[in-house]
Structures are given as structure tokens and as C-alpha cells.
Amino acid sequence: MKILKLGLIGHPVEHSLSPWIHTQFMEQAGIEGEYKLYPIEPDVFDEKITALLQSGIDGFNITVPYKQRIISFLDELDPDAAKIGAVNTAVRKNGKWIGYNTDGSGYVRALEQLIPAQESLHVLMLGAGGAARGIYRALVANGYRYVDIGNRTVSKAEQLLQLQEPETITEVLSYEEAQKKLESYDIIIHTSSVGMSPHDHEQIISLANLKPNAVVSDIVYKPIETMLLRSAKQQGATIHHGHSMLLYQAQYAFEIWSGQQVIIGDLLNQLEQRLTEA
């Protein structure tokens, strides 16, 4: 039986939970394999990645700071990865290296466990960085029609408009403007690093105008419950934790590598426990 050889490149990667996640998936799928960490210093990236691509590895994940830098070393890109301009998953198929971006699609998979997609839902996305690009693209590609973007720098948020679908309706807002019209959104998605440990006390906007029964989602997962999510819970909102994105984007990547579907099941609770103990 062929051993599936997988891994993660980045700097740093030492504390990643990806090896644990993908080991669970391999066991579930009955696949013999390994998932290794490959920390790569920026000044030796070119030579190290060239060696890795020729090493017989079947696929790997890419994390910061290499999601753009990896692109020039790949043979092909999935169309959405090309639009987003970032790759977090690479797979070797028929001797060619193909790049994908599972971050946004994984996020949408995770969100839809909580609230099924409906074209009529009004979504506000906060932030316009790398994570926001992937999430915005996945939302509009999956039929979300009304997706507004709030950001500190409006001109940066406007760059995401190139990722729209023809039927997409998006308004770009400052954080102050977004805060004022918060009651018009069914889903609020926070995509920046504000509130991440050790800055646990920070919150990107006030939720004072939050619509009753809104869903508030934060992709930050350290801490598990950010200040934004605590505030949302106090307002009576349904909250959606960031570590679910971590698991569902990994699920999508594993399907690309193995051709097999795996279920999340109790892994979400197990991952939460590991993050809490870390």
C-alpha cells in the first residue's frame, strides 16, 4: 500500500495542529501516511521548496508567510486560487503541482453547519486582508449575494471587488459606517487578527446595534471565545468559533490529496479541547 506523504510549510510552524488533524483524517479513511512540519526560513525558501517539490511528497499545506510566494513554483492554479492570489494547499497530480486555496471554502463549509446558505442573507465581513480575500471569494462563489465589506482603509477593501460574481451586491464601508448599520446584517464575519492572544481585550467594532438573532463569526481561535464573541453572546447573538474554519479547510485539503471524503464528527470538540489546553 502506498504511503501518503503530506506536510506543512511556513515560518513558524512548530505549534501547528495540522499534523494531529490530518492524522485523524488518515485513520478515518484507512489511509497509511504521514504529515510532517517543514519550517522554512525566508532566506532559504527557494532552495528548500525546490527540494521539497522533488522529494516525492504527495501534497502539502502552506501557511504564512508563503501563500503568495509559493505560486511561482507551481505548474497550475485552481481558478479560485488564481483569483484570490494565494495558495494554502498544493497537490501533485500526473507529475504536475497544482495549487488550491481551501481557506475560504473551508470557512463557508464551517459556517453552513450553523446557518444554511440563503441568497437573501445580508453579510458584513470585517477586514480586507489575506483571509478576507479567500472568505469573500468563497461566499460570493457559493451564492451569497449581499456581502458588504467593512475595513479601516476603504481603498484596500475595494480591491476585493475584483473577486465578485456578476450578481454580487457589495457596499464597501469604514468601520464607523458598518457599526451604524449593523442591524441590517444577518451574519457578521470578523476576518482580521484583532482580539487574538495576547490582545484578548481588543474588539474590532462595537456590537451595540446588532440585529437580534444575528450570527457573529470570528476566525480568531486563540482565545476560543474572543471579546467580539463574548460581546455578541451578551447581545443574544448566535456565535461561530474560528477553530471550525481550521478543521473544515483541512477537511477540504485532505479530500483534494486523498480523493476520499472524511467527516468532522467529534473532531471539533477534540480540537477545541486541544486549543484550550495549549
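The rules behind the values
Residues numbered from 1 in each chain as written. Predicted model: local features only at pLDDT ≥ 70, side-chain atom pairs only at ≥ 80, totals over all residues. Heavy atoms only, no water. Buried < 20%, exposed > 50% of the residue type's maximum accessible area, 1.4 Å probe, protein only. Helix = DSSP H or I, 4+ residues; strand = E, 2+ residues; numbered from the N terminus. Pairing = 2+ DSSP bridges. Right-handed = clockwise from strand over helix to strand, strands pointing away. UniProt positions renumbered as here; feature names shortened; annotations may be inferred. Contact = heavy atoms within 4.5 Å. Salt bridge = Lys/Arg side-chain N within 4 Å of Asp/Glu carboxyl O.

Some thoughts on the pairing of strand S11 (residues 215-218)
So, step 1. Across the two faces of S11 the burial is the same, with Val215 and Ser217 and Val216 and Asp218 all buried.
So, step 2. By the bridge criterion, three bridges tie S11 to strand S12 (residues 238-240) in an arrangement that is parallel. Counterpart to Val216 in the pairing with S12 is Ile239.
So, step 3. A crossover connection joins S11 to the parallel S12 through helix H8 (residues 227-234); in handedness this β-α-β unit is right-handed.

Regarding the UniProt feature "active site" (unreviewed entry) in the chain
So, step 1. In the UniProt entry, the feature "active site" (unreviewed entry) is given for Lys67.
So, step 2. Checked against the element boundaries, Lys67 lands in the loop between strand S3 (59-62) and strand S4 (76-77).
So, step 3. Excluding anything up to four places from it in sequence, Lys67 contacts Ile62, Gly85, Ala86, Val87, Asn88 and Asp103.

Regarding the environment of His122
So, step 1. Along the chain, the position of His122 falls in strand S7 (residues 122-126).
So, step 2. Each C-alpha atom, one on His122 and one on Tyr146, is 5.1 Å from the other, the two residues being 24 residues apart in sequence.
So, step 3. Ignoring sequence-local partners within four residues, the contact set of His122 consists of Tyr146, Ser184, Tyr185, Asp186 and Ile187.

With respect to the pattern of salt bridges
So, step 1. For the coordinates displayed, the defined rule picks out 13 salt bridges.
So, step 2. Lys181 is the partner of Asp148 in a salt bridge, and the nearest nitrogen-oxygen pair spans 3.7 Å. Placement of the pair is Asp148 in strand S8 (residues 146-150) and Lys181 in the loop between helix H7 (175-180) and strand S10 (187-190), with a sequence separation of 33 residues.
So, step 3. The class of Lys181 is partly exposed, set by a relative accessible area of 25%.

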